Amino acid sequence: MLNKLEKKLGKYAIPNLMRYLIIIYVIGYLLTLFGSLSHTSIVSLMTLEPYFIIHKFQIWRLITWIMIPESTSILYLMIMLLLYYQLGNALENAWGSFRFNLYIFGGMIFTVLGAFVVYGIYTLATGSPFHMVGMNNYTMRYINLTIFLAFATCFPDMQVLLYFIIPIKMKWMAVFYAVMIVFSLIGSDWADRVAIISSLLNFGIFYLSTRNYKRIDPRDIHRRNEFKRKVRQGQSQNQNQGQTSSHRNGPISRHKCAICGRTELTNPELEFRFCSKCNGNYEYCSDHLFTHKHVE
């Protein structure tokens with residue numbers, strides 16, 4: 001499905017997306033700083049609140065929430081921008097611009113949908129429009145975290161310097177952040193939980209779509225068991241034929257099929273070949289050379 005979408009919509013992908021996101025973050029930080037200096041509530045006009053979008057027609061809130069910084073600390077902002085710029089570019093180089101765009105924008109869309117779901121549930125439950133004040137988790141914080149988690153999934157053994165001093169592998173950093181997410185879910189109300197979960201849905205979809213489910217597929221399990229059974233049956237037949245040939249002082253076969261156990265002596269019409277993809281010296285007859293499951 002992704003391949004088909006990329007063929008149709010790939011030309012609309014934004015290359016170097018992280019560069020534009022960082023520019024947006026910087027603008028949002030400056031707006032936040034300006035708002036605090038001039039005693040105006042600029043951030044309150046940028047938050048993702050469905051009440052104002054629906055009833056006050058403040059459509060810009062569908063976009064401006066992306067600009068809200070995670071922290072007002074300039075040092076934290078610089079470290080965060082540098083880190084996510086490097087990780088985002090690495091993922092874009094590995095996946096391509098279209099898939100990386102889909103991953104980031106997917107997280108944004110899920111977050112917006114999560115906010116409207118919370119608004120709809122509260123409105124139905126109370127019978128009146130709900131004004132979500134202080135919904136601090138409806139920001140890019142957890143969407144940015146999914147960039148880190150996706151990078152750790154793709155490159156689990158890559159080392160980074162924690163606090164520029166301690167070397168640690170990405171997979172252990174991902175485990176730490178996963179634990180922090182669990183604690184955030186436990187300590188939040190259900191509205192904030194929806195915000196966190198919706199922001200992480202893009203990573204959940206990515207993670208599940210990259211797993212190998214053949215090991216638990218009943219058909220694949222049956223095929224592996226059947227292959228092992230035929231191999232054992234063929235080995236048993238080979239041993240019996242070898243013992244019979246040795247007892248009768250007859251010729252010893254040079255070729256044996258690892259599946260059916262037939263040899264060039266029992267079936268001269270067959271051809272035998274070794275499989276280059278099997279892990280070991282496994283030889284197969286012409287009936288099973290292209291139909292067997294490779295031994296790993």
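**Student:** Which residues make up the state of the cysteines, and what values go with them?
**Tutor:** Per the counting criterion, the structure on display carries zero disulfides. No disulfide involves Cys-257; its sulfur sits 3.6 Å from the nearest other cysteine sulfur, which is in Cys-260. Judged by relative accessible area, which is 0%, Cys-257 ranks as buried.

**Student:** Residues and numbers for the packing of helix H5 (residues 74-95) against helix H7 (residues 141-154), please.
**Tutor:** Geometrically, a packed helix pair is captured by the angle between its two axes and the distance between the axes. At a minimum axis distance of 10 Å, the contact between H5 and H7 shows a crossing angle of 50°. By the angle between their axes, H5 is oblique relative to H7. The two elements H5 and H7 cross, and the hand of that crossing is left-handed. On H7, the residues touching Met-80, Tyr-84, Leu-87, Gly-88, Ala-90, Leu-91 and Trp-95 of H5 are Asn-144, Leu-145, Ile-147, Phe-148, Ala-150, Phe-151 and Cys-154. In terms of residue class, the contact of H5 with H7 is made up of twelve nonpolar, two polar and no charged.

**Student:** Quick one: what's the story with a nonpolar patch on the surface, residue by residue and with numbers?
**Tutor:** Where nonpolar side chains cluster on the molecular surface, the patch consists of Ile-14, Tyr-20, Ile-23, Ile-27, Leu-31, Phe-105, Ile-109 and Leu-113 and spans about 680 Å² of accessible area. Elements with a contribution of two residues or more to the nonpolar patch: helix H2 (17-37) and helix H6 (97-126). Sorting elements by how many residues they give to the nonpolar patch places H2 first, with four residues. Along the chain, the position of Phe-105 falls in helix H6.

**Student:** Which residues make up the packing of aromatic side chains, and what values go with them?
**Tutor:** Counted by the stated rule, this structure contains five aromatic pairs. Taken together, a centroid distance of 5.3 Å and an interplanar angle of 85° make the contact between Tyr-51 and Phe-52 edge-to-face. A relative accessible area of 21% means that Tyr-51 is categorised as partly exposed. Using a relative accessible area of 17% as the deciding quantity, one classes Phe-52 as buried. Arranged with centres 5.0 Å apart and planes meeting at 70°, the rings of Phe-148 and Tyr-177 form a pair that is edge-to-face. Taken as a pair, Phe-148 in helix H7 and Tyr-177 in helix H8 (residues 170-187) lie far apart in primary sequence, 29 residues in all. What makes Tyr-177 partly exposed here is its relative accessible area of 27%.

**Student:** Account for the pattern of salt bridges, with residues named and values stated.
**Tutor:** All told, the structure shown has four salt bridges when counted by the stated rule. With a shortest N-O distance of 3.5 Å, Arg-99 and Glu-6 are connected by a salt bridge. You can see Arg-99 sitting in helix H6 and its partner Glu-6 sitting in helix H1 (residues 2-9), a full 93 residues away along the chain. A relative accessible area of 29% means that Glu-6 is categorised as partly exposed. The shortest N-O distance in the salt bridge between Asp-157 and Lys-171 comes to 3.4 Å.

Cut-offs used in this document
Throughout this document, residue positions are counted from 1 along each chain, in the order its sequence is written. Local features are withheld for residues below a pLDDT of 70 in this predicted model, meaning they are given only at 70 or higher, and side-chain atom pairs are given and counted only at 80 or more; totals for whole chains, interfaces and linings count all residues. Note: side-chain values were computed over all heavy atoms of the structure, leaving out hydrogens and water. What counts as a disulfide here is a pair of cysteine sulfur atoms lying within 2.5 Å. Classification of residues uses two cut-offs on accessible area relative to the type maximum, computed with a 1.4 Å probe and protein chains only: under 20% is buried, over 50% is exposed, and between them is partly exposed. In this analysis an axis means a line fitted to C-alpha atoms, helices contributing only their contacting stretch, and an angle means the value between N-to-C directions, from 0 to 180 degrees. By definition, any uninterrupted DSSP run of H or I lasting at least four residues is a helix, any uninterrupted run of E lasting at least two residues is a strand, and each is numbered from the N terminus. An angle below 35 degrees is read as roughly parallel, one above 145 as roughly antiparallel, one from 65 to 115 as roughly perpendicular, and any other as oblique. Left-handed describes a crossing whose near helix is turned anticlockwise from the far helix by less than a right angle; the clockwise case is right-handed. Residue contacts follow a heavy-atom distance rule, with two residues in contact if any of their heavy atoms lie within 4.5 Å. Each residue is assigned to one class: nonpolar for Ala, Val, Leu, Ile, Met, Phe, Trp, Tyr, Cys and Pro, charged for Asp, Glu, Lys and Arg, and polar for all the others, Gly among them. Patches draw on residues past 30% relative accessible area with no salt bridge. Two like charges within 9 Å are joined, as are two nonpolar side chains (Val, Leu, Ile, Met, Phe, Trp, Tyr) within 5 Å. Surface accessibility follows the Shrake-Rupley procedure with a 1.4 Å probe radius. Residue values consider only the protein chains on display as shielding. Salt bridges, as used here, are contacts in which a Lys or Arg side-chain nitrogen is within 4 Å of a carboxyl oxygen on Asp or Glu. The pairing test for Phe, Tyr and Trp rings, Trp by its six-membered ring, is centres within 6.5 Å, and the orientation test on the planes gives stacked under 30 degrees, edge-to-face over 60, and tilted for anything in between.

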